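# Structural description and commentary
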Amino acid sequence: MSAPRPGPRAVELRDPAYVARLLPLLKLAMRTWFRSSVTGMEHVPEGGALMVSNHSGGLLAMDVPILATAFADEFGVERPLHVLAHDLLFTGAAGPFFTRCGFLPADREHAHEVLSAGSVTMVFPGGDYDVFRPTRAANVVDFDGRTGYVRTALRAGVPIVPVVSIGGQEAQLFLTRGEAIGKVLHLEKLLRSRFFPVSVGFPFGVVGAFPPNLPLPTKITTRVLEPIDPVSELGPDPDPASVDALVRARMQHALDELARARRFPVLG
């Protein structure tokens, strides 16, 4: 089933006043329960830019609210921030909520529209593959070979702003992505995801995707890196695979630094 799509002027569907009303509650949750810390937001340039981040926390990932509150603190709620997300977020009653908050279905046309309009857009190239990664790979940047985000940035002529975070994958114990189970259940046809993640947490113990366990109060630390101009770095008409390798290498280096500074799981 295809998700309902925002109209041709998707960039105008974000409601700054609505976002402003949500921010105090988001800040309270992010800065108390998760003790979130974001540095480097000043690296986001003026105009359009594609923020590219690792994705952590399973079904209740907190990357977006943490980055959104930090972005609003730095630039104000009137500066648009859009998020490219899975179609499932736009089904049913949740669709209008996410649309008003600036979320868009993750396709290249929507991305090109908002980037060309000068909006900052956030994408998680690893998607479900990344967010359900096992705990043993918590500090590995792996987009599963997906390079569409590079083509999106090149087409719009905008810089790529890498972002890394640590701590979100400690919100519960992730055992496996459950790709074999997902294949048996034909989840890719049903939900556009080939994974049936198995994790251990509170209060349900061992679960397979649903119901989601509540995230532990893990400290989440996020760093926004300096923007990458693919053409300046690699020359005219750069190979998307080479750009992707450059982006991930810088993200991995930064994530390794955050991991070395982290003393204890959950506590930070």
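Okay, so let's go over this structure. (Residues numbered from 1 in each chain as written. Predicted model: local features only at pLDDT ≥ 70, side-chain atom pairs only at ≥ 80, totals over all residues. Heavy atoms only, no water.)

### Some remarks on the overall build of the protein chain
The helix and strand inventory of the protein chain stands at ten helices and ten strands. Expected size for 268 residues packed as a compact globule is a radius of gyration near 18 Å; at 18 Å, the protein chain falls within 12% of this value. Projected onto its principal axes, the C-alpha coordinates of the protein chain cover approximately 50 × 40 × 40 Å. Every one of the 268 residues in the protein chain was classed for burial, and the buried ones make up 49%. Taking all contacts inside the protein chain whose residues are at least 6 apart in sequence as the whole, residues at least 24 apart take part in 76%. Within the protein chain, the 27 negative side-chain charges are centred at a point lying 6 Å from the centre of the 27 positive side-chain charges. (Helix = DSSP H or I, 4+ residues; strand = E, 2+ residues; numbered from the N terminus. Rg over C-alpha atoms; globule rule 2.2 N^0.38 Å. Buried < 20%, exposed > 50% of the residue type's maximum accessible area, 1.4 Å probe, protein only. Contact = heavy atoms within 4.5 Å. Lys, Arg positive; Asp, Glu negative; His and termini not counted. Charge placed at Lys NZ, Arg CZ, Asp CG, Glu CD.)

### Some remarks on the sheet that holds strand β1 (residues 37–39)
An order of β1-β10-β6-β2-β5-β3-β4 is seen for the seven strands of this open sheet, with the pairing classed as mixed. A single partner strand is all that each edge strand has here, and the edge strands are β1 and β4 (103–105). Neighbour to neighbour, the strand axes of the sheet diverge by 25° on average, direction disregarded. As paired elements, strand β2 (residues 49–53) and strand β6 (residues 160–166) share four bridges and run parallel to each other. (Pairing = 2+ DSSP bridges. Axes fitted to C-alpha atoms, helices over the stretch in contact; angles between N-to-C directions.)

### What to know about the sheet that holds strand β9 (residues 205–208)
Reading across from one edge, β7-β8-β9 is the order of the three strands in this open sheet, with antiparallel pairing throughout. Each having just a single partner strand, β7 (173–176) and β9 make up the two edges of the open sheet. Within the sheet, the average angular offset between the axes of one strand and its neighbour, ignoring direction, is 25°. Strand direction decides the pairing type here: strand β8 (residues 198–201) and β9, joined by four bridges, are antiparallel.

### As for the pattern of salt bridges
All told, the structure shown has 13 salt bridges when counted by the stated rule. Arg 31 is the partner of Asp 73 in a salt bridge, and the nearest nitrogen-oxygen pair spans 2.3 Å. Here Asp 73 is found in helix α2 (residues 63–75), whereas its partner Arg 31 is found in helix α1 (residues 16–32), with 42 residues between them in sequence. Across the pair Arg 155 and Glu 109 runs a salt bridge, and its minimum N-O distance is 3.0 Å. A residue pair is termed long-range when its members are at least 10 positions apart, and Arg 155 in helix α6 (residues 148–156) and Glu 109 in helix α4 (residues 108–116) qualify at 46 residues. Among the ionic contacts, a cluster of salt bridges with common partners joins Asp 128, Asp 144, Arg 146, Glu 179 and Arg 194. (Salt bridge = Lys/Arg side-chain N within 4 Å of Asp/Glu carboxyl O.)

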